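# Report on the structure
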Amino acid sequence: MTIRLEAPPAAASAGRPGGGVALVGAGPGDPELLTVKALRLIRAADVLLADNLVSPEILRLAGPQTRLVRVGKTGHGPSWRQADINALIVQHALLGRRVVRLKGGDPSIFGRAGEEIEACRAAGVPVEIVPGITSAQGAAASLTLSLTHRDHARRVQFVTAHDRDGVVPADLSWTDLADPAVTTVVYMPRRTLADLAHRALEAGLDPATPAVAVVSATRPDERIVRGCIADIAERLALEGGEGPAIVLIGRAMACDEADLLKGARERAAAPVAATAGRAR
Ligand SMILES: C[S@@+](CC[C@H](N)C(=O)[O-])C[C@H]1O[C@@H](n2cnc3c(N)ncnc32)[C@H](O)[C@@H]1O
């Protein structure tokens, strides 16, 4: 996709005071999960540069003066280049506009925020982060489960399931992935989950470890796919629907305390086709 900037760099660099950039977290989708600060900035923005993940309900909160630009990236198909997004953010700010760069979830979790901050700093543009609820937290809330658990998960780790080449990152720590006392949250799992799960099993993770995929967490079309690490990739593929998905793995992701003790092993033994696609 070719991106046309609105004015040549010479006009932009003339600049005028007042412009600035806020990297704002839009949360996982439910507008009620926006922070008060995010809402205030969205309403006051001159320019809103929004990811594909930002829900339409949230975009409708923008003020009448706000110019909306969708700068979405998709794993496949046409996408905005990060360099063009950086340039557009800086350009609008140098023209004295209040720029809100609106990102799904939290801007600092797998959101390329570092590159956008760097571009702003290099151009002398003031930039701030307004945190949002990351999809891991939205998904855990939908499941009514705690990401940590005094007996079952002493820490939480967020991992991406693919690197810039679209494969499982070579430098993931498989020892950490196989830790029985961790909750692992896998972002962007759709294409490589089977490989990631296979390697975690090879590293020694118990095949019966509970795993839950939450698709479109906190949105009206939310779906929940339950399984264990040995079969969650197959179950998620069988679910077949669209929407962003996140996978939570670990003993703390069993349905409830009783399930923590006994249920996960039974689910692991059940044939996938018998239970796949059932919501909740
Ligand atoms: C580029 S990352 C951005 C993560 C985002 N900054 C966050 O904090 O949630 C995109 C991935 O986030 C996850 N994601 C974002 N919103 C989601 C939602 N509502 N439900 C499930 N997963 C979501 C998916 O794994 C998706 O592929």
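Residues numbered from 1 in each chain as written. Predicted model: local features only at pLDDT ≥ 70, side-chain atom pairs only at ≥ 80, totals over all residues. Heavy atoms only, no water.

## Considering helix 4 (residues 82–94)
Three or four residues apart is the spacing at which side chains of an α-helix point the same way, because the helix has 3.6 residues per turn. In this model helix 4 runs 18 Å from its N-terminal to its C-terminal C-alpha over 13 residues, within 8% of the 18 Å that 1.5 Å per residue would give. By the criterion of burial, helix 4 is predominantly enclosed, with ten of the 13 residues buried. Gly96 sits one or two residues past helix 4 and shows a positive phi near 85°. (Helix = DSSP H or I, 4+ residues; strand = E, 2+ residues; numbered from the N terminus. Expected span 1.5 Å × (residues − 1). Buried < 20%, exposed > 50% of the residue type's maximum accessible area, 1.4 Å probe, protein only.)

## Here we look at helix 6 (residues 135–143)
Listing the buried residues of helix 6 in full gives Ala136, Gly138, Ala139, Ala140, Ser142 and Leu143. Each element contacted by the buried residues of helix 6 is listed here: strand 6 (155–160), strand 7 (182–187), strand 8 (210–215), strand 9 (223–228) and strand 10 (245–249). Just past helix 6, the residue Thr144 takes up positive phi, approximately 50°. (Contact = heavy atoms within 4.5 Å.)

## Brief notes about the sheet that holds strand 3 (residues 67–70)
If you walk across this open sheet you meet the five strands as 3-2-4-1-5, and the pairing is parallel. Since the sheet does not close on itself, it has two edges, and those belong to strand 3 and strand 5 (127–130), each with one partner. Looking at each pair of strands side by side, their axes are set apart by 20° on average, direction ignored. As paired strands, strand 2 (residues 47–50) and strand 3 are joined by four bridges and run parallel to one another. Considered in strand 3, the bridge of Ala50 is made with Arg70. Set on the sheet, helix 2 (residues 36–44) makes contact with strand 1 (20–25), strand 2, strand 4 (98–103) and strand 5; between it and strand 5 the angle comes to about 130°. (Pairing = 2+ DSSP bridges. Axes fitted to C-alpha atoms, helices over the stretch in contact; angles between N-to-C directions.)

## What to know about the confidence of the model for the protein
Where the model shows low pLDDT, its predicted coordinates should not be examined in detail. Within the protein, residue pLDDT values average 88, and 83% of them lie at 70 or more. In the model, residues 1–15 has pLDDT below 50 throughout and makes 21 contacts with residues more than four positions away in sequence or in other chains. Residue range residues 274–280 is modelled with pLDDT below 50. Its contacts to residues more than four positions away, or to other chains, number nine contacts. (pLDDT = per-residue confidence, 0-100.)

## A word on unusual backbone geometry
The phi dihedral of Met188 falls on the positive side, at around 50°, and the residue is not glycine. On the secondary structure map, Met188 appears in the loop between strand 7 and helix 8 (193–202). You can call Met188 partly exposed: its relative accessible area is 36%. With phi around 55°, Ser216 is a residue other than glycine that occupies positive phi space. Relative to the elements of secondary structure, Ser216 occurs in the loop between strand 8 and strand 9. We classify Ser216 as buried; its relative accessible area is 2%.

## Some words on the nonpolar core
Judged by nonpolar contacts, the single largest core of 24 residues is most densely connected at Val186, Leu196, Ile232, Leu236, Val247 and Ile249. Broken down by secondary-structure element, the contributors of at least two residues to this core are helix 7 (174–177), helix 8, strand 8, helix 9 (232–239) and strand 10. When neighbours within four sequence positions are excluded, Leu196 is seen to be in contact with Ala161, Val168, Leu172, Trp174, Leu177 and Val186. Counting 18 residues, the second-largest nonpolar core is a separate cluster that includes Val47, Val71, Trp80 and Leu88. (Core = buried A, V, L, I, M, F, W, Y, C linked by side-chain atoms within 4.5 Å.)

## Comments concerning a nonpolar patch on the surface
On the surface, Phe110, Val156, Phe158 and Met188 cluster together to form a nonpolar patch covering roughly 300 Å² of accessible area. Assignment of secondary structure puts Phe158 in strand 6. (Patch = residues over 30% accessible without salt bridge, like charges linked within 9 Å, V, L, I, M, F, W, Y side chains within 5 Å. Areas by Shrake-Rupley, 256 points an atom, 1.4 Å probe, with all protein chains shown as cover. Salt bridge = Lys/Arg side-chain N within 4 Å of Asp/Glu carboxyl O.)

## Remarks on the packing of helix 4 against helix 5 (residues 113–122)
The relative placement of two packed helices is expressed as an angle between their axes plus a distance between the axes. Remark: helix 4 packs on helix 5, axes separated minimally by 9 Å, with the N-to-C direction vectors making an angle of 45°. What the angle tells us is that helix 4 and helix 5 run oblique. In the crossing of helix 4 with helix 5, the sense of the turn from one axis to the other is right-handed. Contacts between helix 4 and helix 5 involve Gln82, Ile85, Asn86, Ile89 and Val90 on the former and, on the latter, Glu115, Glu116, Ala119 and Cys120. Broken down by class, the residue content of the contact of helix 4 with helix 5 amounts to five nonpolar, two polar and two charged. (Parallel < 35°, antiparallel > 145°, perpendicular 65-115°, else oblique. Left-handed = near helix turned anticlockwise from the far one by under 90°. Nonpolar A, V, L, I, M, F, W, Y, C, P; charged D, E, K, R; others polar.)

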